[in-house]
Amino acid sequence: MVSKRKLSKPDASGESCKTDVPKTKKSRISDKEKASAHGGVENEGVFEELLRTSGIVLKAGEGQNEIAVDQMAFQKKLCLTLEKHPTYPGVVKQFISGLESHIKDRNQFKNCLLPCTPIRTEGSRTLVHSYCESLIKLLLGIKILQPAVITLLLEKIPEFFFDT
C-alpha cells in the first residue's frame, strides 16, 4: 500500500504529481449573473453588494432597511469582507462613494438613520434582536469605515440647516 505522502513527492522523471492540478482558481460568476441569480438589480455597486452579502437589505421609499443577521455578525462580516477584498484600500473608497450616492435621496438617507428592522423567517428563531441600530450607526462601529462615514455625515449636515 502506498502512502499519500509518497504521491506528492517527485516521481522518477523529476516531475511532481501535483502539476496536473491547475494553479489558478476558477473564475467567479460575473456581477450580472450574480444579480440576476439573487433577483437584484444588474447595476448593483460595491456598496449594495457588500451590504447584501453581509446581511442588510436596503429598502427604497418608506420601508426601513432590514437586517437578517445579528448586528455584531454584520459588522464583523462586513469588516472582514472589506479587508480581504482584492482591491482593499480602494474598496473602502468605492463603498463610501456608494453610500454617498445612496443617501443623496432624502428618503433613503432617512432610512439609513432609522433603526433596521429584523427579518423574521417563518417558523424559525433568529438571532436578530427586536431592536436594531440604524445602518449609519452600524457602519460607524466598523473601524476602517468610521473616519469616512463621519466625514460624509458632517458634509451632509449643512443641507438640513434651513429646513423648517
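In short, a report on the structure.

Moving on, we come to the overall build of the protein. Along the protein, the regular secondary structure elements total eight helices and three strands. Reading the secondary structure of the protein in the N-to-C direction produces α-α-α-β-β-α-α-α-β-α-α. Every one of the 164 residues in the protein was classed for burial, and the buried ones make up 26%. A fraction of 58% describes how many contacts in the protein between residues 6 or more apart in sequence connect residues 24 or more apart. When the accessible area of the protein is evaluated, it comes to approximately 11,800 Å², of which 56% is carbon and sulfur surface.

Let us now look at the packing of aromatic side chains. The final tally for this structure, using the stated rule, is two aromatic pairs. On the basis of an interplanar angle of 25 degrees and a centroid distance of 5.7 Å, the ring pair of Phe109 and Phe160 is categorised as stacked. Of this pair, Phe109 sits in helix α6 (residues 106-113) while Phe160 sits in the segment after α8 (146-156), and the two are 51 residues apart along the sequence. Accessibility expressed as a relative area gives 28% for Phe160, which makes it partly exposed. Sitting over the ring of Phe109, Lys156 keeps its end group 5.4 Å from the ring centre.

This next bit is on a nonpolar patch on the surface. Taken together, Ile150, Leu154, Ile157, Phe161 and Phe162 make up a surface patch of nonpolar side chains, about 590 Å² in accessible area. Note on placement: Phe161 falls in the segment after α8. Residue Phe161 is classed as exposed on the basis of its relative accessible area of 56%.

With mixed pairing, the three strands of this open sheet are ordered in space as β1-β2-β3. Two strands close off the open sheet at either side, each with one partner strand: β1 (56-57) and β3 (117-118). One ladder, built from two bridges, connects strand β2 (residues 66-67) with β3; its direction is parallel. Residue pairing across strands places Glu66 opposite Thr117, the latter belonging to β3.

All right, on to the packing of helix α3 (residues 46-54) against helix α4 (residues 71-83) then. Running from N to C, α3 and α4 point in directions that differ by 135 degrees, and their axes come no closer than 9 Å. In terms of axis orientation, α3 runs oblique to α4. Helix-helix and strand crossings are classified by hand; for α3 and α4 the assignment is right-handed. On the side of α3, the interface is formed by Leu50, Leu51, Thr53 and Ser54, while α4 contributes Phe74, Lys77, Leu78, Thr81 and Leu82. Of the residues belonging to the contact of α3 with α4, the class tally is five nonpolar, three polar and one charged.

Bringing α8 into the picture now. Within α8 the residues assigned to the buried category are Val149, Leu152, Leu153 and Lys156. All buried residues of α8 project into a common sector of 95 degrees when viewed along the axis, lining one side. Of the exposed residues in α8, those oriented more than 90 degrees away from the buried face are Pro147, Leu154 and Glu155. Structurally, α8 contributes buried residues whose contacts are with α5 (88-102), α6 and α7 (135-140).

Rules of the game
Residues numbered from 1 in each chain as written. Predicted model: local features only at pLDDT ≥ 70, side-chain atom pairs only at ≥ 80, totals over all residues. Heavy atoms only, no water. Helix = DSSP H or I, 4+ residues; strand = E, 2+ residues; numbered from the N terminus. Buried < 20%, exposed > 50% of the residue type's maximum accessible area, 1.4 Å probe, protein only. Contact = heavy atoms within 4.5 Å. Areas by Shrake-Rupley, 256 points an atom, 1.4 Å probe, with all protein chains shown as cover. Phe/Tyr/Trp six-rings, centres within 6.5 Å; stacked < 30°, edge-to-face > 60°. Lys NZ or Arg CZ within 6 Å of the ring centre and 35° of its normal. Patch = residues over 30% accessible without salt bridge, like charges linked within 9 Å, V, L, I, M, F, W, Y side chains within 5 Å. Salt bridge = Lys/Arg side-chain N within 4 Å of Asp/Glu carboxyl O. Pairing = 2+ DSSP bridges. Axes fitted to C-alpha atoms, helices over the stretch in contact; angles between N-to-C directions. Parallel < 35°, antiparallel > 145°, perpendicular 65-115°, else oblique. Left-handed = near helix turned anticlockwise from the far one by under 90°. Nonpolar A, V, L, I, M, F, W, Y, C, P; charged D, E, K, R; others polar. Arc of directions from axis to C-beta.

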